[in-house]
Amino acid sequence: MTLRWEAFLDRVRERGEYDTPGDAERAARVVLALLGAHLVGDVRAELAARLPETLALILLNPLQAAEPLSPDRFVRATAAWIDGATETTALWDIGAVLSTAADAAGDDLTERVLLQLPPGYDILFGRPQPGQRP
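Keep in mind that what you see is a predicted model, and the values were worked out from it rather than measured. (Residues numbered from 1 in each chain as written. Predicted model: local features only at pLDDT ≥ 70, side-chain atom pairs only at ≥ 80, totals over all residues. Heavy atoms only, no water.)

Asks: Looking at this model, I keep getting lost on the overall build of the protein. Mind explaining?
Replies: On a plain count of helices and strands, the protein comes out with eight helices and zero strands. Going residue by residue from the N terminus, the α and β elements of the protein occur as α-α-α-α-α-α-α-α. Relative to the globule expectation of 14 Å for 134 residues, the C-alpha radius of gyration of the protein, 13 Å, shows essentially globular dimensions. Across its three principal directions, the C-alpha atoms of the protein cover 35 × 30 × 30 Å. Out of the 134 residues belonging to the protein, those deemed buried represent 45%. Pairs at least 24 residues apart make up 67% of the contacts formed inside the protein by residues separated by at least 6 positions. Looking at the protein as shown, the accessible area adds up to about 7300 Å², and 54% of this sits on carbon and sulfur atoms. Between the centroid of the 13 positive side chains of the protein and the centroid of its 20 negative side chains there is a distance of 1 Å. (Helix = DSSP H or I, 4+ residues; strand = E, 2+ residues; numbered from the N terminus. Rg over C-alpha atoms; globule rule 2.2 N^0.38 Å. Buried < 20%, exposed > 50% of the residue type's maximum accessible area, 1.4 Å probe, protein only. Contact = heavy atoms within 4.5 Å. Areas by Shrake-Rupley, 256 points an atom, 1.4 Å probe, with all protein chains shown as cover. Lys, Arg positive; Asp, Glu negative; His and termini not counted. Charge placed at Lys NZ, Arg CZ, Asp CG, Glu CD.)

Pasting the structure below:
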């Protein structure tokens, strides 16, 4: 089921405790663009189909990453792309956006997304594996 734009941003805004819808939108655009650079094929297309159209296009049209970013490097890259962000605030932004995307995707698709990413991304999606500690 595809989430509507307002519903997706409302969930991101609530989870990220953002003051404005614009802050939630900014985080969603950056995080999904970086994520899209690491996903390929049907998995990326299926995830895009579950997102609002604007965010789906961002996920589908990134520059492809030269190499997969570790979760730590993903956090640093997010911080670099969000004006005034630190790694701590970027981690908060990532969690708000990716947990919302994971809810929209459902468990099966989220697992397939995680299989395309380096180990450790499950925590960024709000889905740590049993027995794992940060």
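Moving on, there is more to tell.
Asks: Please clarify how the nonpolar core should be interpreted in this entry.
Replies: Nonpolar side chains tend toward joint burial in soluble globular proteins. Grouped together as the largest cluster of nonpolar side chains are 42 residues, with contacts concentrated most on Phe 8, Leu 35, Leu 47, Leu 51, Phe 74 and Phe 125. Contributing elements (two or more residues each) for this core: α1 (5–16), α2 (21–36), α3 (41–49), α4 (53–60), α5 (71–81), α6 (87–105), α7 (107–115) and α8 (121–124). Filtering out sequence-adjacent residues up to four positions away, Leu 47 remains in contact with Leu 35, Leu 39, Leu 59, Ala 101, Ala 105, Leu 109 and Val 113. (Core = buried A, V, L, I, M, F, W, Y, C linked by side-chain atoms within 4.5 Å.)

Asks: Just to check I follow, could you spell out the environment of Glu 14 for this structure?
Replies: Mapped onto the elements, Glu 14 comes out in helix α1. The exposed category is assigned to Glu 14, whose relative accessible area is 66%. With ten residues separating them in the primary sequence, Glu 14 and Ala 24 have C-alpha atoms 8.8 Å apart.

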